[in-house]
Structure formats: C-alpha cells, structure tokens
Amino acid sequence: MIRNVLGSLVALAGAASAVLSPFRDWYAGRTGQDYRVEDLFGGITAAESGVLVSMLLPFLATALLVIVGVVIRSRLVVAFAGLVVLGFTILWMVRQGQAAGSLVVAGDGSGLQVGVVNALAGGLLMLIGALLISGRGRRGRRSRREREREPVEPYAAPAADQVDTWPPTQEPGMSVQTSPWPEPEVDPYTGPDPRDPRTRSYPQAPPAESDPRDPVHPPHRPPPPPPPPPQG
C-alpha cells in the first residue's frame, strides 16, 4: 500500500515535470513548444510551431498514460510513458546536435537549458515510480495462492438458533431427541397381509392384547416335581 502511494506520487511528479518542460527554454532561449514534432524526424528548422503540433503533444499524451497507469496500478503503462518521454528528449538532443554542430552547456543561455533537464527528470521519475508501484498482477497471484492453501470445510457450521444437524445429512442430532435413552427399534416385518389373497392362508400372529405370554419376561417351564422320599 505504501509503495503504491509513493510510486504514484513519484510518477505523477514526473508527468508534471515533463508537461512543464515545453514551456521552458530548451536551447539558446528557444522553448520546447517552439520545436515541431516532425522536426525530430526530418531535422530541426527555425520554423515556428503551434502548441498542438509541438513537443508538448507527446508529453501531454504520456501524462495521460501515467494517470491511467496510476489508477489501474499498471507498472508497464507508467514505465512506457517514461520511456516515451526519454525517447523524445534524447531524439531531440540528437537532432539539435546535428543542427547546431554540437551540444553545449553554457551559463549565458546559449546552450542546453532547464527545459531539457525537466524533460529528462520527468522521464526518470516515471521509471522510478513504475518500479515502486507493486502492481495488481502479483497481488492477485499471491491472494490466489493463499486461497488455495487455506483449508476448505466441506460443510458450514449450523447457526446457534438452528437444530443441530451436523453434518447436514437431514438427520437430527442429539439435541432433537427428548430422551437421553436410545430410541427403540421397530421390527419392520408385521407378518402376512390378511387382505392379500396370496398370503391369506398363512398363519397369523395373535394380537398383542390376546397374547397370554408376558411381553416382558418370556415363559418358563414349570420346575420338575420333587423326588419321592426314600422308604426305609
């Protein structure tokens, strides 16, 4: 977060320096907006230039690229803008050197001046800002790896006010039962159906209320009679 903020500020400062440079003197008292963009490819002349076709045009375009790159946190966009500023500035220096025979730095204003310094500094600041911006792609890959490493629970835990059905298999847990004892098992087989003609002749079990046997204790055989006493 801090790197993104710092990198954005540095890149925006570089864009401001690049846009300001055409309004300042570049060489021998001639401002940057006096140089046409086409002079960089065909040779520098003494012809005056309009604002929209001067060196201000590519620098305005790179400033817009820096703003877009800062918004989307794209290092490539910001770095590309810095390279464009440096490329146009170096190309101008080559063409100016060819037109003047050499490039000099003089204190009386007859050589390179502060406008060129602003342009070069702006491009370098854009590149530094691009290095400081962490970007979105790396963060996205890191967060994806972290999500893959996190343990995944197959089921979500039930809320406190819901019935305890953990795991959620539609079967109630212990909190639903009203008795601590296990529920009695019911024999699913009830014998042949007397209404079915196919099983009507089968023997039927006696009703529970007419069964003389103890439903709890099974019947026992009576004890054998005592042996007769010995006769003397």
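What counts and how
- For every chain, the first residue of its written sequence is number 1, and the numbers climb from 1 along that sequence.
- The model is predicted, so local features are restricted to residues of pLDDT at least 70 and side-chain atom pairs to those at 80 or more, both for listing and for counting; the totals for chains, interfaces and linings are taken over all residues.
- Where side-chain values are given, they derive from all heavy atoms of the structure, hydrogens and water being excluded.
- Helix and strand assignments come from DSSP, with helices taken as H or I runs of at least 4 residues and strands as E runs of at least 2, each series counted from the N terminus.
- The contact criterion used throughout is that any non-hydrogen atoms of two residues lie within 4.5 Å.
- Two N or O atoms count as a polar contact when they lie within 3.5 Å, although within protein this holds only if one can serve as hydrogen donor and the other as acceptor, and sequence-adjacent residues are included solely when both atoms are side-chain atoms.
- Ring pairs are drawn from Phe, Tyr and Trp, using the six-membered ring of Trp, whenever the two centres fall within 6.5 Å, and their geometry is named by plane angle: stacked under 30 degrees, edge-to-face over 60, tilted for the rest.
- Each residue is placed in one exposure class: buried if its accessible area under a 1.4 Å probe, protein chains only, is under 20% of its type's maximum, exposed if it is over 50%, and partly exposed if it falls in between.
- Remark: a charge is flagged as sitting over a ring if the NZ atom of Lys or the CZ atom of Arg is within 6 Å of the ring centre and within 35 degrees of the ring normal.
- The term salt bridge refers to a pairing of a side-chain nitrogen on Lys or Arg with a carboxyl oxygen on Asp or Glu at a separation within 4 Å.
- One less than the residue count of a helix, multiplied by 1.5 Å, gives the span that helix is expected to have.
- Patch membership needs two things, relative accessible area over 30% and no salt bridge, and members are linked within 9 Å if like-charged or within 5 Å if nonpolar (Val, Leu, Ile, Met, Phe, Trp, Tyr).
- To be clear on the numbers: accessible area is Shrake-Rupley with a 1.4 Å probe, and residue cover counts the displayed protein chains and nothing else.

Caption draft 1: Inspection of the environment of D25 at higher detail. Topologically, D25 is positioned in strand β1 (residues 25-27). Sequence separation of D25 and G111 is 86 residues, and the distance between their C-alpha atoms is 9.9 Å. Leave out the neighbours within four places in its chain, and D25 touches R30, T31, Q113, V114, G115 and V116.

Caption draft 2: Layout of the environment of T31. Looking at where T31 falls in the secondary structure, it is placed in strand β2 (residues 30-31). Measuring from C-alpha to C-alpha, the distance between T31 and S21 comes to 8.4 Å, with 10 residues separating the pair along the chain. Within the structure, T31 has its side chain in polar contact with the side chain of D34 (distance 3.0 Å).

Caption draft 3: Fine view of the packing of aromatic side chains. Scanning the entire structure with this criterion turns up three aromatic pairs. Judged by centre distance (6.3 Å) and plane angle (25 degrees), the ring pair of W26 and F59 falls under stacked. Highlighted residues: W26 in strand β1 and F59 in helix α3 (residues 56-72), separated in sequence by 33 residues. Exposure remark for F59: the relative accessible area of 0% places this residue in the buried category. Ring plane angle 85 degrees and centroid distance 4.9 Å describe the contact between W26 and W92, whose orientation is recorded as edge-to-face. Within this pair, whereas W26 is found in strand β1, its partner W92 is found in helix α4 (residues 75-100), the two being separated by 66 residues in sequence. Taken together, W26, Y35, F59 and W92 form an aromatic cluster joined through their ring pairs. It is R30 that lies over the ring of Y35; its NZ or CZ is 4.3 Å from the centre.

Caption draft 4: Local environment of the pattern of salt bridges. Under the criterion given, the structure shown has two salt bridges. In the salt-bridge network here, residues are joined through shared partners; they are R36, E38 and D39.

Caption draft 5: Structural detail: helix α1 (residues 2-20). Over its 19 residues, α1 extends 27 Å from the first C-alpha to the last, a length consistent with the 27 Å expected when each residue adds 1.5 Å. All of the buried residues in α1 are N4, G7, S8, V10, A11, G14, A15, S17, A18 and V19. The secondary structure elements touched by the buried residues of α1 are α3, α4 and α5 (114-132).

Caption draft 6: A nonpolar patch on the surface, seen in detail. Together, L12, L64, I67, V68, V71 and I72 give the surface a local cluster of nonpolar side chains, amounting to about 540 Å² of exposed area. The biggest single contributor to the nonpolar patch is α3, with five residues. For I72, a relative accessible area of 38% corresponds to the partly exposed category.

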